[in-house]
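# Breakdown of the fold
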Amino acid sequence: MSSCVSYIDTSNNIVVRRQRNFAKQFFGNMSLDENFHHAAKQANIALGLAITAAASLEIDTTPMEGFDAAALDQFLNLHAKGLRSSMLLAVGYRDTENDWNLKNEKVCKPTEEFITFL
């Protein structure tokens, strides 16, 4: 299997230059904690895409927060890689033979009961 990477010289593109300048000004003034907070929120976009991609392959996922991030970071030695954890995503196939909840009747409520339109 081979991969090809093409390089497009965008150094003279005014839109690219403006985007780079914005990023340097916006992110360059952030503290490490502010940068982490922003990156953690952006990771939700990738998380959503991963959940959707897995579902299209009939793979179950469960996103998780509320874990001991410091302990996980230490266990995975993330600090040495300049990384920190912000969320977890459990990925796998359901156990159709032993999943007691799988055969239970699902409850679907009318949209008006769980969505407020503004």
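These figures come from a predicted structure and were not determined experimentally.

With that settled, the discussion passes to the packing of aromatic side chains. Under the defined criterion, the tally for this structure stands at 2 aromatic pairs. Measuring from ring centre to ring centre gives 5.5 Å for Phe22 and Phe26, while their planes differ by 15°; the resulting arrangement is stacked. Of this pair, Phe22 and Phe26 are both found in helix 1 (residues 14–28), 4 residues apart, which corresponds to roughly one turn of the helix. Among the residues examined, Phe26 registers a relative accessible area of 38% and is labelled partly exposed. For the pair Phe26 and Phe27, a centre-to-centre distance of 4.9 Å together with 90° between the ring planes defines the contact as edge-to-face. Ring pairing ties together the aromatic residues Phe22, Phe26 and Phe27, which thus form one cluster. The ring centre of Phe36 lies 3.7 Å from the NZ or CZ of Arg84, which sits over that ring.

One pass over the structure, following the stated rule, counts 2 salt bridges. Ionic pairing is found between Arg84 and Asp33, a salt bridge with its closest N-O pair at 3.5 Å. Of this pair, Arg84 sits in the loop between helix 3 (69–75) and strand 2 (88–92) while Asp33 sits in helix 2 (residues 32–56), and the two are 51 residues apart along the sequence. With a shortest N-O distance of 2.9 Å, Asp60 and Arg94 are connected by a salt bridge.

Turning to the layout of surface pockets, a few remarks are in order. A volume near 260 Å³ is recorded for the largest pocket. What lines the largest pocket is Leu32, Asp33, Asn35, Phe36, Ala39, Ala40, Ala43, His79, Gly82, Leu83, Arg84 and Ser86. Residues of the lining of the largest pocket, tallied by class, amount to 6 nonpolar, 4 polar and 2 charged.

Rules used in this analysis
Residues numbered from 1 in each chain as written. Predicted model: local features only at pLDDT ≥ 70, side-chain atom pairs only at ≥ 80, totals over all residues. Heavy atoms only, no water. Phe/Tyr/Trp six-rings, centres within 6.5 Å; stacked < 30°, edge-to-face > 60°. Helix = DSSP H or I, 4+ residues; strand = E, 2+ residues; numbered from the N terminus. Buried < 20%, exposed > 50% of the residue type's maximum accessible area, 1.4 Å probe, protein only. Lys NZ or Arg CZ within 6 Å of the ring centre and 35° of its normal. Salt bridge = Lys/Arg side-chain N within 4 Å of Asp/Glu carboxyl O. 1 Å grid on protein atoms, 1.4 Å probe; cavity = no way out; pocket = protein on both sides within 12 Å on 5 of 7 lines; lining within 4 Å. Points joined across faces, edges and corners; volume = space filled by probe spheres on them. Nonpolar A, V, L, I, M, F, W, Y, C, P; charged D, E, K, R; others polar.

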